[in-house]
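Examination of the molecular architecture
Spelled out from the first residue to the last, the chains are:
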Amino acid sequence: MVGGSWVSSGRCRTANAEELFVVGAAQNRAKALCAGCPVRAECLAYALDERVEYGVWGGMTERERRALLRRRPTVESWAVLLRAARRDHEALADAEREGVPRHGTRPCAQ
């Protein structure tokens with residue numbers, strides 16, 4: 001069973017489950033459903049942490065998830081990692097909206 005309060009907020013909650021467990025080119029249609037989903041990161045983290053073998057989760061196919069797991073074998077919790085990445089991204093976006101320069105950048109010489 002899929003856990004977490006994020007499940008009821010997924011764009012796929014009204015989709016036919018068979019549309020998410022497909023092969024070949026049909027996976028691109030399933031991945032498109034994930035685009036813009038407000039809980040995409042949580043869904044992906046669940047699939048990575050639980051080593052879900054089949055279906056499109058968080059916009060990634062099983063093949064893409066396996067490759068990611070091979071590239072990052074030391075990650076203990078994808079949920080923690082992706083939450084931290086989201087916080088960092090949101091903090092950077094807030095700083096840029098407020099006109100704070102990014103760390104390590106300088107204004108261009110005119």
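This text follows the structure it describes.
Overview of the structure. Model, not experiment: these values are computed from the prediction. (Residues numbered from 1 in each chain as written. Predicted model: local features only at pLDDT ≥ 70, side-chain atom pairs only at ≥ 80, totals over all residues. Heavy atoms only, no water.)

So, about helix α4 (residues 78-97). In a regular helix each residue adds 1.5 Å, so 20 residues correspond to 28 Å; α4 covers 28 Å between its end C-alpha atoms and thus fits that length. Just past α4, the residue Gly99 takes up positive phi, approximately 85 degrees. (Helix = DSSP H or I, 4+ residues; strand = E, 2+ residues; numbered from the N terminus. Expected span 1.5 Å × (residues − 1).)

With that settled, consider the packing of aromatic side chains. This model, assessed by the stated rule, comprises three aromatic pairs. Considering the side-chain rings of Phe21 and Trp57, the 6.4 Å spacing of their centres and the 80 degrees angle between planes classify their relative orientation as edge-to-face. With Phe21 in the segment before α1 (26-34) and Trp57 in the loop between α2 (40-49) and α3 (62-71), the pair connects residues that are 36 residues apart, well separated along the chain. Classification of Phe21 by relative accessible area gives partly exposed; the value is 46%. We classify Trp57 as buried; its relative accessible area is 12%. Residues Tyr46 and Trp57 carry aromatic rings whose centres are separated by 5.6 Å and whose planes lie at 35 degrees to one another, so their mutual orientation is tilted. In this pair, Tyr46 is assigned in helix α2 and Trp57 in the loop between α2 and α3, connecting sequence segments eleven residues apart. Trp57 carries the same exposure label as Tyr46, and that label is buried. Site record: aromatic cluster; members linked through ring pairs are Trp6, Phe21, Tyr46 and Trp57. (Phe/Tyr/Trp six-rings, centres within 6.5 Å; stacked < 30°, edge-to-face > 60°. Buried < 20%, exposed > 50% of the residue type's maximum accessible area, 1.4 Å probe, protein only.)

We now examine the nonpolar core. With eight residues, the main nonpolar core is built from Leu44, Ala45, Leu48, Met60, Leu68, Leu69, Val75 and Trp78. Every element with two or more residues in this core is listed here: α2 and α3. It is α2 that provides the largest number of residues to this core, a total of three residues. In this structure Leu69 touches Leu48, Arg51 and Trp78, once residues within four positions along its chain are discounted. The next biggest cluster of nonpolar side chains, apart from the first, holds seven residues, and it includes Cys37, Val39, Tyr46 and Ala47. (Core = buried A, V, L, I, M, F, W, Y, C linked by side-chain atoms within 4.5 Å. Contact = heavy atoms within 4.5 Å.)

So, on to the layout of surface pockets. By volume, the largest pocket amounts to about 340 Å³. Contributing to the lining of the largest pocket are 23 residues, with Cys12, Arg13, Leu20, Cys43 and Trp57 lying nearest its centre. For the lining of the largest pocket, the secondary structure elements donating two or more residues are α1 and α2. With three residues, the top contributor of residues to the lining of the largest pocket is α1. (1 Å grid on protein atoms, 1.4 Å probe; cavity = no way out; pocket = protein on both sides within 12 Å on 5 of 7 lines; lining within 4 Å. Points joined across faces, edges and corners; volume = space filled by probe spheres on them.)

Inspection of every chain in the model, using the stated rule, returns three salt bridges. Where Glu64 meets Lys31, a salt bridge forms, and the shortest distance between an N and an O atom there is 2.7 Å. Residue Glu64 is found in helix α3, and its partner Lys31 is found in helix α1; the two are separated by 33 residues along the sequence. Glu64 gets classed as partly exposed once you look at its relative accessible area, which sits at 27%. The partner of Asp94 in a salt bridge is Arg97, and the shortest N-O contact between them spans 2.1 Å. Taken together, the residues Asp94 and Arg97, both in helix α4 and three residues apart, mark about one turn of the helix. Residue Asp94 is classed as partly exposed on the basis of its relative accessible area of 35%. Given the relative accessible area of 62%, Arg97 is considered exposed. (Salt bridge = Lys/Arg side-chain N within 4 Å of Asp/Glu carboxyl O.)

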